[in-house]
Structure formats: C-alpha cells, structure tokens
Amino acid sequence: MKLVSAWLRIPFWQRVLAGFVLGALAGWIFGHSAETWFEPLGTLYVTLIKMIAVPLVFFAVMNAIGSLHGQKSVMALSGRTFLWFGITAALAVGVGLLVGWVLQPGHGLTGLTVAPDYKVREVPSPLQVLLDIVPANPFKALSDGKILQVIVFAGLVGFALVKLGERVAGLRKLVGEASDTMVQVTRFVLEMTPLGTFGLIASLVGAYGFEKLLPLGTFVLALYLACAIHIVFVYGSLVALHGLNPIKFFRGAAPGMQVAFVASSSFAAMPAAIRSVTHNLGVDKDYAAFAVPLGASIKMDGCGAIYPALTSMFVAQYFGLHLEPTQYLIILIASVLGSFGTAGVPGTAIVMVTLVLSAAGLPLEGIGYLVAIDRVLDMMRTMTNVTGQMLVPVLVAKETGMLDRDVYEAASSNLGVAEGEKAEVRAVRDAG
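In short, a report on the structure.

Cut-offs applied
- Residues numbered from 1 in each chain as written.
- Predicted model: local features only at pLDDT ≥ 70, side-chain atom pairs only at ≥ 80, totals over all residues.
- Heavy atoms only, no water.
- Axes fitted to C-alpha atoms, helices over the stretch in contact; angles between N-to-C directions.
- Helix = DSSP H or I, 4+ residues; strand = E, 2+ residues; numbered from the N terminus.
- Parallel < 35°, antiparallel > 145°, perpendicular 65-115°, else oblique.
- Left-handed = near helix turned anticlockwise from the far one by under 90°.
- Contact = heavy atoms within 4.5 Å.
- Bend = angle between axes of the 7 residues up to and from the residue.
- Buried < 20%, exposed > 50% of the residue type's maximum accessible area, 1.4 Å probe, protein only.
- Polar contact = N/O pair within 3.5 Å; in protein donor to acceptor, adjacent residues only side chain to side chain.
- Patch = residues over 30% accessible without salt bridge, like charges linked within 9 Å, V, L, I, M, F, W, Y side chains within 5 Å.
- Areas by Shrake-Rupley, 256 points an atom, 1.4 Å probe, with all protein chains shown as cover.
- Salt bridge = Lys/Arg side-chain N within 4 Å of Asp/Glu carboxyl O.

This next bit is on the packing of helix H2 (residues 12-30) against helix H9 (residues 193-208). With their axes 7 Å apart at the nearest point, H2 and H9 run at an angle of 25 degrees to one another. Overall, the two elements H2 and H9 adopt an arrangement that is roughly parallel. In the packing of H2 onto H9, the handedness of the crossing is right-handed. Each of Phe12, Arg15, Val16, Gly19, Phe20, Leu22, Gly23, Ala24, Ala26, Gly27 and Trp28 in H2 lies in contact with H9, whose residues at this interface are Thr193, Pro194, Thr197, Phe198, Ile201, Ala202, Val205 and Gly206.

On to helix H12 (residues 266-280), then. The sharpest bend along H12 reaches about 35 degrees and sits at Ala272. Within H12, 14 of the 15 residues are buried, which leaves it mostly tucked inside the rest of the structure. Where H12 begins, the capping side chain belongs to Ser265, and its oxygen is found 3.4 Å from the backbone nitrogen of Phe267. Following H12 by one or two positions, Gly282 adopts a phi angle in the positive range, close to 80 degrees.

Here the focus is a nonpolar patch on the surface. Together, Leu22, Leu25, Trp28, Ile29, Phe30 and Trp37 give the surface a local cluster of nonpolar side chains, amounting to about 760 Å² of exposed area. Of the residues forming the nonpolar patch, the biggest block, five residues, is contributed by H2. Structurally, Leu22 can be placed in helix H2.

What follows is the structure, encoded as structure tokens:
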C-alpha cells in the first residue's frame with residue numbers, strides 16, 4: 001500500500017510522461033513483438049475509458065440540464081458555445097493552410113502508393129446526419145456508444161425532470177447521485193492512464209518504427225507543427241484576451257491533453273477533459289457536463305479543420321495543381337460546416353478530408369497515401385480536438401460568470417482535486 005500511495009503522490013502528468021517514455025523505449029527495444037506483448041494493455045485501458053464514457057455523459061447531462069435551468073438559459077449557453085466552436089474551427093483552417101503553404105509537404109514526392117486498406121468513404125447528406133442524431137432506440141444508442149444520440153435523449157429527460165418539478169424530486173436526486181458516482185468511477189479508471197499510455201505507445205512504436213514515416217516525414221512534421229501553433233498561439237491568445245493566464249489553462253488542461261494524445265479518441269479522453277475543466281480550471285460542473293460531451297461530438301479542430309486544410313494543400317502540391325482563391329474559400333467553409341455536419345460519424349478525420357477534397361475538386365486518391373500513417377497523425381489531431389473542447393467551455397464560462405477564478409488561478413495538472421480542496425484554495429486566497 002505504501003508503494004501505491006507513493007505512486008499516487010507523483011503528479012499525474014509526470015506519471016503519464018513516465019509511461020510515455022518507457023513505452024517508447026520498450027517499443028524501440030522489442031520492435032514488432034512489442035505490438036503483441038503490450039498492445040493488450042493499451043486496449044484494456046481504452047476499453048475501460050469507453051466503458052465509463054456513456055453512463056458518465058448520460059447521467060451528467062440529465063443532471064446538468066436540470067441544474068442549469070434557472071441559472072442561465074440553456075439556449076443562450078448553447079449559442080455562445082456553438083459560436084466559439086465555429087470561430088476556433090475557422091482559425092484552425094487558416095493555420096492548416098498557412099503551414100501547408102510554407103512547408104510545401106507535397107512537393108518533391110514521387111511514387112507514393114495508396115494504402116491497401118483504403119476505401120473512399122461515403123459522406124452522408126446533411127439531412128441524414130440531422131436525422132441520425134435522434135435515437136430510434138435510446139437503449140441501443142447507449143449500448144452502441146453513440147454519444148450525440150445519448151446527449152439528445154439525456155437532454156430531453158433532463159427537461160422533463162425540470163418540467164415535472166417536485167413530483168420527481170426523488171428521481172432528480174437519484175440522477176444527481178448517479179452522476180456523482182460515475183465521476184468517482186472516472187477517477188478510479190483514470191489512474192490507469194500511465195499504464196495505458198505505456199501499452200499504447202510501446203505497441204505504436206513497435207508497429208511503425210521509422211520506415212513508414214520517412215517518405216511522409218514532411219507531412220507529419222507539418223501536421224504536428226500546425227496543431228502546436230494552433231494550440232499554443234491561437235488558444236493561448238484567446239485565453240489571454242479573456243483576461244486569463246494561458247499557462248494556467250494549459251497546466252489545468254494537461255491531463256485531458258495527455259489522455260487524448262495517447263488514446264487518439266475524443267470520446268476516450270472525454271472523462272479526463274470534463275474533470276480537467278471542472279476540477280482544475282473552475283468551470284461550472286453542470287455547464288461542463290453539457291459542453292464537453294457536445295464538443296467531443298462536433299468540435300474537431302484537429303481532425304475537422306487543420307487536417308483537411310493541410311491535406312488539401314498536400315494533394316494539390318503532389319499532383320501539381322494550382323489552388324484558386326475560390327477553392328481556398330471552399331476549403332474553409334467545407335471544413336467549418338463539415339465538422340458540425342459529420343457529428344457522430346465514425347472515422348471523422350477521413351470523412352472530413354473526403355468531404356473537403358470533394359468540395360474543392362481535388363483527387364480523393366491523395367487520402368490513401370496518408371492512411372498508412374494515420375495512427376501517428378491521429379495522436380496530435382486528437383490532442384488538438386480535445387484541447388479545443390476544453391478551451392471553449394473555459395471561454396464561455398468566463399463570459400457568463402460560470403468560472404471559479406480562484407480554482408482557475410490555482411490550476412493543477414492533477415485529476416484528483418476534491419470539492420473540499422477547492423474550498424481550501426478559496427479560503428487560503430481570501431485570507432492571503
């Protein structure tokens with residue numbers, strides 16, 4: 001027990017970093033066999049996180065809708081949230097195009113082969129996407145893990161609880177208790193992150209090595225650079241313009257960013273993201289329970305904005321095509337609207353690139369060249385997605401008075417800050 005206690009006293013980000021470094025080392029040493037030995041550990045971790053995501057969202061959204069009623073208009077909060085989703089997505093497209101124009105990742109490449117498992121994805125119509133967000137069977141939506149459908153159903157139940165008032169006071173209390181229980185389960189599961197990181201990174205390094213990355217090294221560099229610029233400079237500037245310290249934001253958001261990077265899934269990172277914005281950054285927990293899951297479904301700055309924009313530049317350069325000003329505009333509009341329009345569609349990044357390339361009249365074969373390295377690209381894309389999914393609730397909470405400034409200023413990089421510790425933070429600051 002002393003060993004476990006000593007391990008848990010180490011800051012969360014340091015434990016995850018240790019898992020990352022050791023995993024990379026193990027993958028390099030064991031080579032391809034690392035995939036066989038260590039991938040099950042990473043798979044188990046991702047499965048555990050996915051296990052808690054749906055019930056966490058279901059109870060949290062029901063509880064949040066009831067609690068937000070009377071505090072702030074849900075519609076007004078939704079409007080602000082969607083506005084910032086759109087603004088940051090447009091900025092992300094601009095960053096992707098700029099980096100693609102400067103680094104020219106498609107120039108000088110010859111003889112690339114399409115990945116054997118690549119198939120052109122069919123982009124659903126806007127009407128079909130709209131129809132698909134309403135669950136025909138809410139229990140099936142819960143079992144299939146369709147988060148957007150779960151949010152819609154849970155929201156309707158939450159509104160019903162508000163409408164019925166005192167007649168369902170006991171049920172409302174039970175929903176709140178279930179939400180708190182799932183938060184505690186989330187804390188238990190997230191303690192597995194360092195081990196999961198070790199397994200995921202070891203299997204990734206062992207499977208890929210360097211031979212798969214070298215031919216497209218410039219594109220990998222361009223994507224990582226574009227995402228880093230967007231996270232540090234765009235997100236950091238927006239935080240600063242709201243009168244908040246960007247360093248505090250990144251410190252508090254670090255756990256969610258780390259989980260996103262190693263798990264390559266916005267839904268898998270969602271529990272860590274919710275706890276990061278509430279416990280580390282001081283966002284009202286009821287608003288966060290609504291905004292973060294919504295962002296995990298439709299807020300995709302990495303997959304839905306930077307990646308399609310950069311891929312468009314790559315494809316045009318590889319095939320020697322000149323992009324017209326109207327095509328740049330089409331890429332911008334298709335990326336921003338498409339990220340909302342493909343909400344909940346599996347394989348969002350590939351669907352988004354298919355949509356944008358089709359709209360801009362660029363060859364779809366270019367996507368197939370990148371599929372072989374998609375897992376490496378997805379790590380940084382997803383971290384960008386999740387950082388944006390945490391940023392917007394912070395901005396909106398600051399604008400609407402739903403941000404606890406004391407908790408934000410004492411931003412921690414851990415996930416275990418309890419409500420009592422929040423009170424202690426405020427008491428110390430008030431006394432000092």
